[in-house]
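For reference, the chains in residue letters:
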Amino acid sequence: MAASSSAAPVLLRILSASVSVVNRAGKIIKDVMKKGDLGIVDKGIDDLQTEADRSVQHCIVTSLSRQFPKIAIIGEEELDSEEKVLDEWIVTSLDSDVLAKKCPADLASVPEEKVVVWVDPLDGTSEYTQGLLDHVTVLVGIAVNGKAIGGVIHQPYYNYQPTRENYYIEKDVYKQGRTLWGMNGLGVFGIEKKAPCEGKRIITTTRSHSNKNVNLTIDAMKPDEVLRVGGAGHKVLLLIEGRAHAYVFASKGCKKWDTCAPEALLHILGGKLTDMHGNSLEYHKDIQHLNSGGVLATYDAAVHEWYRERVPEEVKKSLPP
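All values derive from a computational prediction rather than experimental measurement. (Residues numbered from 1 in each chain as written. Predicted model: local features only at pLDDT ≥ 70, side-chain atom pairs only at ≥ 80, totals over all residues. Heavy atoms only, no water.)

**Q** Could you clarify how one ought to interpret the overall build of the protein chain in this entry?
**A** For the protein chain, the count of helices and strands is twelve helices and 13 strands. Compactness check: the protein chain gives a C-alpha radius of gyration of 19 Å against a globular reference of 20 Å for 321 residues, within 12% of the reference. Each principal axis of the C-alpha distribution contributes one length, and for the protein chain these read about 55 × 50 × 35 Å. Here the analysis covers contacts within the protein chain between residues at least 6 apart in sequence; of these, 73% occur between residues at least 24 apart. Here the protein chain contributes 38 positively and 43 negatively charged side chains, and the mean placements of these two sets differ by 3 Å. (Helix = DSSP H or I, 4+ residues; strand = E, 2+ residues; numbered from the N terminus. Rg over C-alpha atoms; globule rule 2.2 N^0.38 Å. Contact = heavy atoms within 4.5 Å. Lys, Arg positive; Asp, Glu negative; His and termini not counted. Charge placed at Lys NZ, Arg CZ, Asp CG, Glu CD.)

**Q** Is there a simple way to explain the sheet that holds strand β10 (residues 225–229) in this structure?
**A** Paired through backbone hydrogen bonds, the strands of a sheet run either parallel or antiparallel to each other. Ordered by their spatial adjacency, five strands build an open sheet running β10-β9-β11-β13-β12, and the pairing between neighbours is mixed. Since the sheet does not close on itself, it has two edges, and those belong to β10 and β12 (272–274), each with one partner. Neighbour-to-neighbour, the strand axes of this sheet turn through a mean angle of 20°, independent of strand direction. Of the strand pairs in this sheet, strand β11 (residues 246–249) and strand β13 (residues 295–298) are connected by four bridges, and their pairing is antiparallel. Bridge pairing in β13 places V248 opposite L296. Of the strands in this sheet, β9 (202–206), β10 and β11 are in contact with helix α8 (residues 212–220), which crosses β9 at around 175°. Contacting β9, β10, β11, β12 and β13, helix α9 (residues 232–240) crosses the sheet at an angle of about 150° to β11. (Pairing = 2+ DSSP bridges. Axes fitted to C-alpha atoms, helices over the stretch in contact; angles between N-to-C directions.)

**Q** Looking at this structure, I do not really get α8. What am I missing?
**A** At 3.6 residues per turn, the α-helix brings residues three or four places apart onto the same side. Looking only at α8, the buried set comprises N213, V214, T217 and I218. Summarising the axial view, the buried residues of α8 lie within an arc of 130°, below the 170-degree limit, and thus occupy one face. In α8, the exposed positions that point more than 90 degrees away from the buried face belong to K212 and D219. Of the surrounding secondary structure, the elements contacted by the buried residues of α8 are β9, β10, β11 and α12 (313–318). Here α8 starts with a cap whose side-chain oxygen sits 3.1 Å from the backbone nitrogen of N213, and that cap is N211. (Buried < 20%, exposed > 50% of the residue type's maximum accessible area, 1.4 Å probe, protein only. Arc of directions from axis to C-beta. Polar contact = N/O pair within 3.5 Å; in protein donor to acceptor, adjacent residues only side chain to side chain.)

In short, the description is geometric, and any link to function would need to be established separately.
Structure below.
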């Protein structure tokens, strides 16, 4: 196993290591919640950080950087470099299911220094603090030449039901969480894509960062139902699972670490994610972190233009192209 692992293309090994480390990240998130003291820090308006955010970023960044010292890793949280990283947070194992796959020929020779990894240690922090645990995801996106080509999404509370009983007792149905992963040319594993219902238009959008532009844009698309939920990862999963047709966020709040992994998996499965102008997002290591043009994602690339055309002109003018 050691010989075959070391001989595998670097992108396959990075993806494999990411799958392994997010499972440890999920345990950290649950352990912090069980303690009861979330260690909340207010970073600004509607922007919270918890002990879980900090610990998980240490876990992921340290684990990946020790194995792949030449990759660029960009995480959401600004951390104290002197803060102790627990040995139990360091994961050096590689996931065997990922390593069993054959790396696509066009990605097999990509060197470490060409890879940028975008990390959101706890997507849906606000919901985490409010007990809406099914909104929470861990996101690790992999980019090459500025494009999202692979990623991992972990749901530590998959199938969580927010009842008193489940709050205190972990049911087997969601105890282990769920990990989804994929890469261009390989496919997506851990989830099955489903088509949304016909004859109805369901849009998912922000739960806690709404504003005039967001509401104007959604109204222009005349949805039958609007799902206001937390976390970019969670919203894209709603598209993949056929629970929504489009994810609409006509604002500047979303960051690259929010979208890299979800975009990669959605694109592989035939969906599309762009800014509100229809422009592709870029993930170069030196690019600004803010998705200043907003986010528009659809379950199928074929319907994406329909939604883009209905974005009001006044909204487009307010968002940089």
